Amino acid sequence: MNISWLHAAASLGLAYLGMLGLCLGMARHYRQRYHHPLTPGRGRVLRLAGWSGCLLALAPCLAGWGAAQGVVLWIGLLSAAATGLVFLLAWRPPWCTRGGALAVLTVLAWLGSLAFGG
Amino acid sequence: MKAPTFTQSMSWLHTWSGLLFGWLLVPIFFTGTLAVFEPEISHWMRPEIRHAPAEPARALAVAEARLRQVGEGAPIWRVQMPSSRQPAVGIVWGSREQTREEVLHPLSGEVLPVRATEGGHFFTHFHAELDAGKVGRAIVCLVGLVMLAALINGIVVHKKIFQDFFTFRPQSSAQRSWLDAHNVLGVLGLPFLLLITYTGVVILVDSYLPAATYHFYDGKAGGPRGDVVRSFERRPAGVAAPLPSLAPLLQEAETVLGAGHVGWIGIRAPGDREATVQFMRHLDDRLGAVADHITFAAVSGWELGRQTEWNPVAYAFRTQVGLHLVHFGGYPAQWLYFLSGLAGTAMMAVGLVLFTIKRRKRPGHEFGTATARVYGAIESLNVATVAGVMLASAAFLWANRLLPADLAERAAWEIGAFFAVWALTLVHAGLRAPGAAWRGQFYAAGLAWALLPLCDVAGAPGLLDAMRLGVDLTALVGGLALVYLGWRVSRRFAAAAAKEAA
Amino acid sequence: MRIYQSWTQVLSRVLAAGLGGYAAAWALVFALGGWLPLARVSLWFLMGQILPVPLLLALLWAFAASSAARAWGWLLALAALLAGLGYLGKVLS
């Protein structure tokens, strides 16, 4: 039961990073966070990273719940991550990237558990 | 007058069906959200049960011992096996017309003096039926259909759905920020909202439009299930034969259904020569809400039949049911649905408030001279259906601790507390100005939920197990959030009043 | 902004959605039951899964149609057509 929380957290982290990429890859939200305009090149990189993160978030869900339940949870976690991001961005823009750092740590913890614990 | 465009008509439909049906949808959605944790709430409402690590063989042994004691001569015995979310053993005995039940400690077999309560099942029941039987189910189905339409026409109306995907501007004007919140919660929650609403309607559609039952089964309600679930029952012979121990049968059943996966056991005609024992699998680990089962002849121990394969169309249907009931996935899935449900409730509540906020600035005169009074009624209904139902739900739990354990009909009294408090919130909302009503009811609901842990311990002293603690902590956090909402609301209304006075 | 001419128009559309849509969906079950080569148990569980769609479409149509009369007209025509198909299927089987 406990390991499934780590899978869920990792998926949520990847989903958050993905949504963060998609969000900051939009000019208006990049400006909201960084107060200067978004260059097209950076925008493309962010959006690509964003889509990748969202897709990769499926992996921990598959690991924890298999195909059918995993897909259901993945979609739900994508929504949850996006919702959290929107409210962070609206009320405390700097925190949304700090949240990203936390997400990275969570994913690393999950990868670590796969490598050493299994 | 020109015919309205598609967008105009969809916008109109979204606004007015959202308002009218929103008053039913918010309570249905909120109680449905609570119903995710029905087992935990039921456990909280029966504090006589202490969590104990249960083991199937032991659980069956204590159940069997007690049933042999009290169930002599009863044609039906049932055992509900303990699980991580339902720690005690439940036994039922009797006939089809009348049954008696008891709750046993899963290790010692002691009969627990559990108070009569509908438990968390009340929230599920209200959510699915508005506590009104078949008519209630038809109403909830209709409400669900209107919600599906509102989701679709909401998408149609939301022109900038992709540009505004992450857009929420709380610092903007009231109308802008409330609309942003409604849109964001709606769009980001769309997969969950579509899934939960569609599957909910699927579950109930036969109550609303029983065409399939009439055309294919001549109106017989149990017909479809009877065709899908195979039965291996035997007619009682009328000849007495002692019932052997059920333990070996449990072992055999677990080889087919999986160790620790037996959820329910049904014994027919115990003490008869043709007694049968059926083992049913629990639903916790698959999407499809389908219980594989295996039946044995009790006296000989021979297997009479098993079912692990299902009609694929029926299985698909039960998968839709399973996606709605979320028995699968463990606690991460439960919490995901719970938080998604709260977000959906918030989305609809924000929509209701948005309706009034838009019209405070620019009245629409939709009702001629009565418009102002109608708006007042709408404001009151908004408060009662959002904050009021949250307060009433807390009152249900408070009643569980405050009412004496041996009160006659106490289950009905608890439910009565829910409806009585809800009715009072409607009266309160009708009498007070909107700002005062919202503030007062959010504060009341917030306090009722935040103080639930105190109520828990005061009403049922003793060590808290993890599930009761979980309910208490969630209630505390939720209650504090509601108190915070009440404070924000009172500041908003005070600021608006100051601006008007200036 | 008033987009429907009067409250009677609105009421008519509501009834079209409720009654007309109901009739059309009922007729759809009848029609599919007559033509789909499935066992009745499969048909029952199939209907449950798909019925929200026609009911939803009828509701949207009742308000999207350019007039209440059109809303009624098309829904009842659909109901009649499907009922006819259903009878045909029953007769032929």
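Residues numbered from 1 in each chain as written. Chains lettered and ligands numbered in written order. Predicted model: local features only at pLDDT ≥ 70, side-chain atom pairs only at ≥ 80, totals over all residues.

Asker: I keep staring at the interface of chain B and chain A and nothing clicks. Help me out?
Answerer: Taken together, the 20 residues of chain B in the interface contact 25 residues of chain A. Only helix H6 (174–188), helix H7 (190–208) and helix H12 (330–361) of chain B provide two or more residues apiece to the side of chain B that touches chain A. For the side of chain B that touches chain A, the element with the highest residue contribution is H12(B), accounting for seven residues. (Contact = placed C-beta atoms within 7 Å. Helix = DSSP H or I, 4+ residues; strand = E, 2+ residues; numbered from the N terminus.)

Asker: Even after reading the chapter, I still don't get the sheet that holds strand S7 (residues 303–307) of chain B, so can you show me in this structure?
Answerer: By definition, the strands of a sheet pair up through backbone hydrogen bonds, in either a parallel or an antiparallel sense. Residue and element names in this part refer to chain B. The seven strands lie next to each other as S3-S2-S1-S4-S5-S6-S7, forming an open sheet whose pairing is antiparallel. Since the sheet does not close on itself, it has two edges, and those belong to strand S3 (99–104) and S7, each with one partner. Sheet twist, expressed as the average angle between the axes of neighbouring strands with direction ignored, equals 15°. Inspection of the sheet shows strand S6 (residues 293–297) paired to S7 by four bridges, in the antiparallel sense. Counterpart to His-293 in the pairing with S7 is Gln-307. In the packing of helix H3 (residues 56–70) onto the sheet, contacts are made with strand S1 (76–80), strand S2 (89–94), S3 and strand S4 (262–268), and the angle to S2 comes to roughly 30°. (Pairing = 2+ DSSP bridges. Axes fitted to C-alpha atoms, helices over the stretch in contact; angles between N-to-C directions.)

Asker: Help me out: how do you make sense of helix H3 (residues 52–64) of chain C in this one?
Answerer: Since the α-helix turns once every 3.6 residues, residues separated by three or four places project in the same direction. Taking 1.5 Å per residue as the helical rise, H3(C) with its 13 residues ought to reach 18 Å, and the 18 Å between its terminal C-alpha atoms agrees with that figure. Most of H3(C) sits out of view: 11 of its 13 residues are buried. Contacts from the buried residues of H3(C) go to helix H1 (6–35), helix H5 (133–157) and H7 of chain B together with helix H1 (7–35) and helix H4 (68–92) of chain C. (Expected span 1.5 Å × (residues − 1). Buried ≥ 20, exposed ≤ 12 C-beta atoms within 10 Å, placed from the backbone.)

Asker: Explain the interface of chain B and chain C to me, please; I cannot follow it from the model alone.
Answerer: Accessible area lost upon the coming together of the parts serves often as the stated size of an interface. On the side of chain C, 28 residues touch chain B, which itself brings 34 residues to the contact. Taken together, the elements giving at least two residues each to the side of chain B that touches chain C come down to H1, H5, H7, helix H8 (211–217), helix H9 (223–228) and helix H11 (312–325) of chain B. For the side of chain B that touches chain C, the element with the highest residue contribution is H1(B), accounting for six residues. When the residues that make up the side of chain B that touches chain C are grouped by side-chain class, the tally is 26 nonpolar, six polar and two charged. (Nonpolar A, V, L, I, M, F, W, Y, C, P; charged D, E, K, R; others polar.)

Asker: Mind showing me how you'd approach the domain arrangement of chain B here?
Answerer: Residues and elements named next belong to chain B. Segmentation of chain B into domains returns domain 1 (6–45 + 121–207 + 322–501) and domain 2 (56–114 + 224–311). The interface is formed by seven residues belonging to domain 1 together with nine residues belonging to domain 2. Contributions of two or more residues to the side of domain 1 that touches domain 2 are made by helix H2 (38–44) and H11. The element that contributes the greatest number of residues to the side of domain 1 that touches domain 2 is H11, accounting for three residues. Of the residues in the side of domain 1 that touches domain 2, the class split is four nonpolar, two polar and one charged. (Domains from an automatic or database assignment.)

Asker: So what exactly am I meant to see when it comes to the pairing of S6(B) here?
Answerer: Strand residues, when the strand is regular, have side chains that alternate between the two faces of the sheet. Residue and element names in this part refer to chain B. With respect to burial, S6 is a largely interior element, four of its five residues being buried. With five bridges joining them, strand S5 (residues 276–281) and S6 adopt antiparallel strand pairing. Of the residues in S6, the one forming a bridge with Thr-276 is Ala-297. Here S6 folds back onto S7 in antiparallel fashion, the turn holding five residues, of which Gly-301 has a positive phi close to 85°.

Asker: Quick question: what am I supposed to make of the pairing of S4(B) here?
Answerer: Residue and element names in this part refer to chain B. A large share of S4 lies buried, amounting to five of its seven residues. The sheet contact formed by S1 and S4 spans five bridges and is antiparallel. Considered in S4, the bridge of Arg-78 is made with Gly-266. As paired strands, S4 and S5 are joined by six bridges and run antiparallel to one another. Bridging from a neighbouring strand, Arg-268 pairs with Thr-276 of S5.

Asker: Would you mind going over the packing of H1(C) against H4(C) with me for this structure?
Answerer: A pair of packed helices is captured by two measures, namely the crossing angle of their axes and the spacing between those axes. Residues and elements named next belong to chain C. As a packed pair, H1 and H4 sit with axes 8 Å apart at the nearest point and diverge in direction by 15°. What the angle tells us is that H1 and H4 run roughly parallel. Handedness of the H1/H4 crossing: left-handed. (Parallel < 35°, antiparallel > 145°, perpendicular 65-115°, else oblique. Left-handed = near helix turned anticlockwise from the far one by under 90°.)

Asker: Looking at this structure, how should I read the arrangement of the chains?
Answerer: Across the two pairs of chains in contact, the largest number of contacts is found between chains B and C. Separated in space, chain A and chain C share no contact, their closest pair of C-alpha atoms being 18 Å apart.

Asker: Quick question: what am I supposed to make of the environment of B:Arg85 here?
Answerer: Residue and element names in this part refer to chain B. Take Arg-85: it is sitting in the loop between S1 and S2. You can call Arg-85 partly exposed: it has 17 C-beta atoms within 10 Å. Separated by 123 residues in sequence, Arg-85 and Tyr-208 place their C-alpha atoms 33 Å apart. Once you skip the residues sitting within four places of it in the chain, Arg-85 turns out to touch Pro-39 and Glu-40.

Asker: I would appreciate a short explanation of the packing of H12(B) against helix H13 (residues 371–402) of chain B in the present structure.
Answerer: Residue and element names in this part refer to chain B. Between H12 and H13, whose axes approach to 10 Å, the crossing angle comes to 160°. Comparing their axes, H13 and H12 come out roughly antiparallel. In the crossing of H12 with H13, the sense of the turn from one axis to the other is left-handed. On the side of H12, the interface is formed by Ala-349, Leu-352, Val-353, Phe-355, Thr-356 and Arg-359, while H13 contributes Tyr-375, Ile-378, Glu-379, Asn-382 and Val-386. Here the residues of the contact of H12 with H13 are counted per class, giving seven nonpolar, two polar and two charged.

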